[in-house]
Amino acid sequence: MKVWFIGAGPGDPDLITVKGLRLIRACPVCLYAGSLVPEAVVAEAPAGARVIDTAPMTLDQIMAEIEAARDRGEDVARVHSGDPSLYGAIAEQIRRLRAAGIDYEIVPGVPAFAAAAAALGRELTVPEVAQTVILTRTAMKSSAMPEGEDLETIGRTGATLAIHLSIRNLREIERKLIPLYGADCPVVVAYRVGWPDQAFIEGTLADIRAKVRAAKLTRTALILVGRALDPGAFRDSALYDGAHPHVLRPRRSA
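Residues numbered from 1 in each chain as written. Predicted model: local features only at pLDDT ≥ 70, side-chain atom pairs only at ≥ 80, totals over all residues. Heavy atoms only, no water.

The name given to the chain in an unreviewed UniProt entry is Precorrin-4/cobalt-precorrin-4 C11-methyltransferase, and the organism recorded there is Oceanicella actignis. Turning to the chain, the UniProt record has this under Pathway (unreviewed entry): "Cofactor biosynthesis; adenosylcobalamin biosynthesis." The heading Sequence similarities (unreviewed entry) in the UniProt record of the chain holds the text "Belongs to the precorrin methyltransferase family." (UniProt positions renumbered as here; feature names shortened; annotations may be inferred.)

Structure (C-alpha cells):
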C-alpha cells in the first residue's frame, strides 16, 4: 500500500490537479484536513471509502488509521490544503511513515499565495521592483522561528512577502516592516482564497491592521506585502523585448 499526500489547492475544488483527484477517486481511505479542505474534494472518494476529517485528531490517531489501512492493504489519500510542502505538517508524518516502513508519495497542489495573486490579477515579481518572493510566517503560540528568519532580517531584502499564519500578529508585522518597506507599502490580506466567501482587503502597512480589525478577520488569511502589489510605472521585461535576442528569438541580420 502507499500513502499519497495530496495538495487539494487553497479551496476551489477545480484547482486540484488531475492526478490528485484521480487518486482521491481511487483510494479506499481518505484522511483530510476538514477545516481547510472543501468537502467537494473528498466527496469524490469512492463509494464505501473510509473518509475521516483529521482536524480534531492527534498525530498518533492519524498514524493508527494509516497503519490499519496498511494491515488491510489499502492505499490512503492524505489530503492537505494548498501545497503540502508549505506549512502542511507532513514532515512529522513522513518521519513516522519511514519508521513504520510505509511507502508514500507527494502530489503537489496550488499554494495559497499563487491562488491569491491570480485572483487579484497581480504578478508578484515585477521588473526592477521585486524579483524575489519569500514565503514565511511569524511566531506566536506555534513553534519559534529559526534564527535569521525574523521579519527584520527577511525584510531587508525588499522582496514580496507572503506571510502565513499571522493574521493575529499584524501589529508586530507593521512595527517591524514599516522601517524597511515604508508606511505606504501596499499590503493585501487574502481571506479564504478559492472559497465562496473569499475576500481581499487592500491597504498599506500603516492602515491594514485597522481595516482587518473592522472586517473581523481572525484566521485563515494570507498577508501579502511588497511594492510589486502596486508597482506604478515599471519597465517591460526583456522576455518579449524585440531588442533583446535569445536562443528562441535570435537577432535578425540586417
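J.: Which residues make up the overall build of the chain, and what values go with them?
T.: Within the chain, the secondary structure is distributed over eight helices and 10 strands. Judged by the C-alpha coordinates and their principal axes, the chain covers about 65 × 55 × 35 Å. If you take every contact in the chain between residues at least 6 apart in sequence, the share linking residues at least 24 apart comes to 67%. On the chain, roughly 13,500 Å² of surface is accessible, and the fraction owed to carbon and sulfur atoms is 52%. Considering the chain, the positive charge centre built from 30 side chains and the negative charge centre built from 30 side chains are found 2 Å apart. (Helix = DSSP H or I, 4+ residues; strand = E, 2+ residues; numbered from the N terminus. Contact = heavy atoms within 4.5 Å. Areas by Shrake-Rupley, 256 points an atom, 1.4 Å probe, with all protein chains shown as cover. Lys, Arg positive; Asp, Glu negative; His and termini not counted. Charge placed at Lys NZ, Arg CZ, Asp CG, Glu CD.)

J.: A description of the domain arrangement of the chain should follow, citing residues and the corresponding values.
T.: Per the domain assignment, the segments of the chain are domain 1 (3-107) and domain 2 (112-229). Taking only C-alpha atoms, the centre of domain 1 and the centre of domain 2 are 28 Å apart. At the interface, nine residues of domain 1 touch 13 residues of domain 2. Summed over both partners, the interface of domain 1 with domain 2 buries about 830 Å², with 69% contributed by carbon and sulfur atoms. The largest per-residue losses of area from domain 1 upon contact with domain 2 belong to Pro10, Leu86 and Tyr87, which jointly make up 60% of the total buried on that side. For the interface between domain 1 and domain 2, the tally reads zero salt bridges. Viewed at the interface, domain 2 and domain 1 are joined by three residue pairs in polar contact (both at pLDDT 80 or more). Broken down by class, the residue content of the side of domain 1 that touches domain 2 amounts to six nonpolar, two polar and one charged. (Domains from an automatic or database assignment. Buried area = accessible area lost by both parts, 1.4 Å probe. Salt bridge = Lys/Arg side-chain N within 4 Å of Asp/Glu carboxyl O. Polar contact = N/O pair within 3.5 Å; in protein donor to acceptor, adjacent residues only side chain to side chain. Nonpolar A, V, L, I, M, F, W, Y, C, P; charged D, E, K, R; others polar.)

J.: Help me get a handle on helix 1 (residues 18-26), residues and values and all.
T.: Residues Gly20, Leu21, Leu23 and Ile24 constitute the buried set of helix 1. Mapping the buried residues of helix 1 onto a view down its axis gives an arc of 160°, with all of them on the same face. When the buried face of helix 1 is taken as reference, the exposed residues oriented beyond 90 degrees from it are Val18 and Ala26. Looking at the packing, one finds that the buried side of helix 1 touches strand 1 (2-7), helix 2 (39-42), strand 4 (76-80) and strand 5 (103-107). (Buried < 20%, exposed > 50% of the residue type's maximum accessible area, 1.4 Å probe, protein only. Arc of directions from axis to C-beta.)

J.: Give me the lowdown on the side chain of glutamate 174, citing residues and values where you can.
T.: Examined against the element boundaries, glutamate 174 turns out to sit in helix 7 (residues 170-181). Here arginine 209 takes part through its side chain, which lies 3.3 Å from a polar atom of the side chain of glutamate 174.

J.: Which residues make up the pairing of strand 10 (residues 221-225), and what are the values?
T.: Across the five residues of strand 10, five count as buried, placing the element largely inside the fold. Residues Ala221, Ile223 and Val225 line one face of strand 10 and the alternating positions Leu222 and Leu224 line the opposite face, and both faces are buried. In this structure, strand 8 (residues 186-191) lies alongside strand 10, joined through five bridges in antiparallel fashion. Bridging from a neighbouring strand, valine 187 pairs with valine 225 of strand 10. (Pairing = 2+ DSSP bridges.)

J.: Tell me about the sheet that holds strand 2 (residues 29-32), and please be specific about residues and values.
T.: Strand order across the open sheet formed by five strands is 3-2-4-1-5, with parallel pairing between neighbours. Of all the strands in the sheet, just strand 3 (50-53) and strand 5 have a single pairing partner and so form its edges. Within this sheet the neighbouring strands show an average axis-to-axis angle of 15°, counted without direction. Here strand 1 runs beside strand 5; their pairing, made up of five bridges, is parallel. Its bridge partner being in strand 5, valine 3 is matched across the sheet by tyrosine 104. (Axes fitted to C-alpha atoms, helices over the stretch in contact; angles between N-to-C directions.)

J.: So what's going on with the environment of arginine 70? Residues and values would help.
T.: As for its position among the elements, arginine 70 is in helix 3 (residues 59-72). Residue arginine 70 is classed as partly exposed on the basis of its relative accessible area, which comes to 32%. A C-alpha to C-alpha distance of 9.7 Å links arginine 70 and aspartate 103, two positions 33 residues apart in sequence. Look past the residues within four positions of arginine 70 in its chain and what remains in contact with it is Met1, Ala100 and Ile102.

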